[in-house]
Amino acid sequence: MAIEIERKFLVVGDAWREAPAVFYSQGYLSSDKARTVRVRIAGEQAFLTIKGVTQGMSRAEFEYEIPLADARELLLMCEQPLIEKYRRKITYAGFVWEVDEFLGENQGLVVAEIELPSENTSFTNPEWVGEEVTADLRYFNSNLVRLPFKQW
């Protein structure tokens, strides 16, 4: 079983914009808090991801590459609105940060995530990392479907 240990932060400034961006479209077949089932298209690749309950900063995660055509069909079955965003991956001080610039109903929201090998791992924030929002459930992508950023 794979474990995802992730921390989320709001983003400030524009220095992160220098990294190349990939368009993501994703939807949820299930956004139940006990389990989420996500379909994602990232550029020309597609994935099916199942995540368990978050405990602290950790949760079980299973991800499988699927055919792009299947992902397009599955997105039609997902809860609406779909999550659309540009993702930039930025290496800083030995870690890869993923910066998501949301579009559509979540336009205006920019979040940075870092995945860690353990909850106790120390790291240095880039200058464009602001307030931590790891514990704020509103920032989970699955919750942004139910209550998009524009409605906050």
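Located above this text is the structure these notes cover.
About the cut-offs
Residues numbered from 1 in each chain as written. Predicted model: local features only at pLDDT ≥ 70, side-chain atom pairs only at ≥ 80, totals over all residues. Heavy atoms only, no water. Helix = DSSP H or I, 4+ residues; strand = E, 2+ residues; numbered from the N terminus. Polar contact = N/O pair within 3.5 Å; in protein donor to acceptor, adjacent residues only side chain to side chain. Contact = heavy atoms within 4.5 Å. Salt bridge = Lys/Arg side-chain N within 4 Å of Asp/Glu carboxyl O. Buried < 20%, exposed > 50% of the residue type's maximum accessible area, 1.4 Å probe, protein only.

Enquirer: Describe the side chain of R7, with residues and values.
Expert: You can see R7 is positioned in strand β1 (residues 2-11). A distance of 2.7 Å separates the side chain of R7 from the side chain of E132, its partner in a polar contact. Look past the residues within four positions of R7 in its chain and what remains in contact with it is M57, A112, E113, I114, L116, F123, E132 and T134.

Enquirer: Residues and numbers for the pattern of salt bridges, please.
Expert: Summed over the entire model, instances satisfying the criterion amount to 16 salt bridges. Across the salt bridge formed by R38 and E63, the nearest N and O atoms sit 3.2 Å from each other. With R38 in strand β3 (residues 36-42) and E63 in strand β5 (residues 58-66), the pair connects residues that are 25 residues apart, well separated along the chain. In this structure R38 comes out as buried when scored by relative accessible area, which is 6%. The partner of D100 in a salt bridge is K85, with the nearest N and O atoms 3.0 Å apart. Here K85 lies in strand β6 (residues 83-92) and D100 lies in strand β7 (residues 95-102), a separation of 15 residues in the sequence. By relative accessible area, D100 is classed as buried at 1%.

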